[in-house]
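# Examining the three-dimensional arrangement
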Amino acid sequence: MKDFSSSVDRVEANGLILNCDYQQLLKNFGFHSFKSVWQYRCGETIKKIKARSVVRIKARNHNKVRYLYLKRHNLEHVGIRRLLTLFFHKLVVSQGRREFENICDFRKHNFATLVPVAAGEKFIRFFWVESFLISEDFSPFISLEDLLRDEPEFLTGRGSETRKRILINEIALFLQRMHQEGFNDLDFNATHILLHYENGSDVPKIALFDLQRIDRSRFLNFRWMIKSLARLNYTLPYKIFNAEDRVYIFLSYKNRSKLHVWDRLQWFWIKRKTARIKRHTDKMMAKTEERKRRRLLER
């Protein structure tokens, strides 16, 4: 199985950041510059929206089939952040490079995440940038979202209660350790959690992907737990995770067996934040549906 948590040896050349383990594979595709990657038009389109697109690329290496994912971030205005790079050279402003750096930082702290293959960025005029990230397929890990959709009986069938509690505890401990190490994933939710169960084990290995938005500022870090657990709480389906399960996530994060007075206040805060996320999401979805309806009427 691929190593999902070791440090990454990297090299920078021709505007690209390359994982040293993948240099030959990238050469086989002719990926030697930002332009050569950006203009690549083969592969299977997985996602395409205004801001970005994702293409899956089938690669053959040493008689083995491997899959790479090319995530392109289309033209983005970075504004004053571009000026700040003149004084703070380590400041990263493009989405593609930022995610590559976040993945590498996670791995330095022994957190499992994607295998980063390459990243690149190109500034178009001064305040605009295009960027990309190439990563490898994260199998045998699967997303928690896919597991809940495709195999709901795994956590709802006979004898699944213990398995569900173990899963909840492992996710909570992963989040707790992440916060202790100074990482706050602003998109921590069921969609971005990856799981791998080894044969015969009920204890999953946990990993994360989609690490574009990582906050390292410890200012107001007491709110990290509130916001992270609220996002997770909102994205876990109520048909599978009941109220007791949700409290257990909170207790596992805090290493407690029951709620004390301060815990009850924090849990109330988490539920309020969850409700706000729901209202905001519902509002945004309603706006999207309204725009679709208007476009249909205009045809």
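The structure contained in this document is the topic of the report that follows. (Residues numbered from 1 in each chain as written. Predicted model: local features only at pLDDT ≥ 70, side-chain atom pairs only at ≥ 80, totals over all residues. Heavy atoms only, no water.)

### Digging into the nonpolar core
In globular proteins that are soluble, nonpolar side chains generally tend to be buried together. Ile134, Leu144, Met178 and Ile193 are the most contacted members of the largest nonpolar core, which totals 73 residues. In terms of residue count, the dominant contributor to this core is helix H7 (residues 160-180) (7 residues). Once residues lying within four places of it in the same chain are set aside, the contact partners of Leu144 are Leu167, Ile171, Ala190, Ile193, Leu195 and Leu236. (Core = buried A, V, L, I, M, F, W, Y, C linked by side-chain atoms within 4.5 Å. Buried < 20%, exposed > 50% of the residue type's maximum accessible area, 1.4 Å probe, protein only. Helix = DSSP H or I, 4+ residues; strand = E, 2+ residues; numbered from the N terminus. Contact = heavy atoms within 4.5 Å.)

### Remarks on the packing of aromatic side chains
With the rule as written, the count across this model stands at 15 aromatic pairs. When the ring of Phe34 is compared with that of Trp38, the centres are 5.4 Å apart and the planes differ by 15°; the resulting orientation is stacked. Taken together, the residues span about one helical turn, with Phe34 and Trp38 both in helix H2 (residues 34-38) at a distance of 4 residues. A relative accessible area of 8% means that Phe34 is categorised as buried. Classification of Trp38 by relative accessible area gives buried; the value is 13%. Here the aromatic residues Phe106, Phe111, Phe174 and Phe183 are joined through ring pairs into a cluster of three or more. The cationic tip of Arg82 hangs over the ring face of Phe126; the distance from NZ or CZ to the ring centre is 4.7 Å. (Phe/Tyr/Trp six-rings, centres within 6.5 Å; stacked < 30°, edge-to-face > 60°. Lys NZ or Arg CZ within 6 Å of the ring centre and 35° of its normal.)

### Observations concerning the side chain of Arg98
Mapped onto the elements, Arg98 comes out in helix H4 (residues 95-108). No salt bridge is formed by the buried Arg98; the nearest opposite charge belongs to Glu76, separated by 5.3 Å. There is a polar contact of 3.4 Å between the side chain of Arg98 and the backbone oxygen of Val92. In this structure Arg98 touches Arg81, Val92, Val93 and Gln212, once residues within four positions along its chain are discounted. (Lys, Arg positive; Asp, Glu negative; His and termini not counted. Salt bridge = Lys/Arg side-chain N within 4 Å of Asp/Glu carboxyl O. Polar contact = N/O pair within 3.5 Å; in protein donor to acceptor, adjacent residues only side chain to side chain.)

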